[in-house]
Amino acid sequence: MRMKSIICGLSAAVATILPLCSCSNEPALPEAEIPILAWYSIPAEDATLERYQELKDCGFTINFSHISNLDDLKTSLDLAEQAGVKVMATCSELQSKTDSVVNQIKDHPALYGYFLCDEPAPASFPMLHDWAERIKAADDTHTLYLNLLPNYVDLNVLKTKTYKEYVHRFIEEVGLPLVSFDFYPITFEGIRPMWYENLQDVADEASAAGLPFWAFALSTAHDPYPLPTMASLRIQMYTNLAYGASVLQYFTYWNPGGTIWNFHEAPINQNKERSEAYDLVKNMNKELQARAGVFVGSKVKFLAHTGETVPPNCKPLGDELPVHVTSLKTTGADGAVVSLLENGEWNYLVVVSRTMDEPITLDVEFDEKASMVDRDGNVVKLAKGQTGFTIEEGDAAIFRFKK
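This one's a predicted model, so the numbers in the text were calculated from it and none came from an experiment.

**Thoughts on the sheet that holds strand S12 (residues 325-330)**
No. 1: Ordered in space as S12-S15-S18, the 3 strands form an open sheet in which the pairing is antiparallel. Looking at which strands have only one partner, the edges of the open sheet turn out to be S12 and strand S18 (388-391). Averaged over all adjacent pairs, the angle separating strand axes in this sheet is 25 degrees, with direction ignored.
No. 2: Two strands pair when backbone bridges link them, and strand S15 (residues 360-366) and S18 are joined in this way by 4 bridges, in the antiparallel orientation. Bridge pairing in S18 links Ile360 to Ile391.

**As for unusual backbone geometry**
No. 1: The residue after Asp223, namely Pro224, is reached through a cis peptide bond having omega 0 degrees.
No. 2: With respect to the element layout, Pro224 can be found in the loop between strand S9 (213-218) and helix H9 (230-242).
No. 3: Of the consecutive residues Phe251 and Thr252, the connecting peptide bond is found in the cis state with omega at -5 degrees.
No. 4: Among the structural elements, Thr252 can be located in the loop between strand S10 (247-251) and helix H10 (276-290).
No. 5: You will see that Tyr40, though not glycine, has its phi angle at about 50 degrees, which is positive.
No. 6: Counting through the fold element by element, Tyr40 comes out in the loop between strand S1 (36-39) and helix H1 (49-57).
No. 7: Using a relative accessible area of 18% as the deciding quantity, one classes Tyr40 as buried.
No. 8: Positive phi outside glycine occurs at Glu265, with the angle close to 55 degrees.
No. 9: Along the chain, Glu265 falls in the loop between S10 and H10.

About the criteria used
Residue positions are given per chain, counted from 1 along the sequence in the order it is written. Totals for whole chains, interfaces and linings use every residue, but because this is a predicted model, local features are given only for residues with pLDDT of at least 70 and side-chain atom pairs only at 80 or more, for both listing and counting. Remark: hydrogens and water are excluded; side-chain values derive from all non-hydrogen atoms of the structure. Paired strands, as defined in this entry, are two strands with at least two bridges between them according to DSSP. A helix here means a DSSP run of H or I that spans at least four residues, while a strand means a run of E at least two residues long, and both kinds are numbered starting from the N terminus. Each axis is a line fitted through C-alpha atoms, and for a helix only the stretch in contact is used; angles between axes span 0 to 180 degrees, taken between their N-to-C directions. Exposure classes here rest on a 1.4 Å probe applied to the protein chains alone. A residue is buried below 20% of its type maximum, exposed above 50%, and partly exposed in between.

Below is the structure:
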């Protein structure tokens, strides 16, 4: 967990990462936009149009500032509207004067939804349900949002027998229109394998309830988490999308205060200046939006892992393969996530490396004409007989073919 729990050359074409493909007049991806949220964003005392435009320029579509009062929230909404982003609303009066606050902001064009609290234990579920119902009674249009604890939290804290039971109880007892959780898998010691299990549990429970789920990437270094890299951002964001996440989030945009967690070099750093992370996140968001047509509106139809060791409680890729895939294997002990997404008339095979240490090779064959989606969102027909590919550290290869 982290401090916030106390508060209730980068866009190059695919040829740079994969063997060259032949040119073609393949149908383009549909136009789409992935919602991308900036967690712990511009403070009220720094709220200017220039700062909100800077957030927009970094590729964020939703601003989430930890705002303490309604007047500052209204200022945030006005500035966000001018900059062309939305706001996840919060302020102290939202709980104490729910009807009044909601009625004053519910028609604002920049409003995205309402934030309740962060990382709740089940003991607070009845209160959160009642609060959510009060908001819904005043505004049944905008979403309601909070983040669940990750699965490495002691079950004595969760008061459940399993983590999956915690997620299930939240869905049943609180009744929000989405499931969001935070988990930062990249530490100085490597990738936490429980991350994949956490994604699977949330994805399964959300799907069973007919709800979307949201997931995070870490953009701010703090103990015990290192500075972000393109590899670390890619492996988090593409894995989230491969599991079916519909909204992506970064912790954080603005550098949090305090000294407990040693937060440093957020995209907007401790000196309120752009850090190297700002440019990394900006380029990551540009790449994600170029490929948004793959993911927005898609459904996960198949999910498995390759590699010598499969993460706990995850399905290994065996004899069963995704539809129209006749063979698939990767080199390297760490392997990859293999996801088949169905979107409109197309299938998309998304293969995400599970290592940030070195490239992996992918050998894949199809019984259907297939193309690739490069980092710029171009759909490029595969060369005749092309079956071998290289996936850079933490990166993803995306293939498209008919259903």
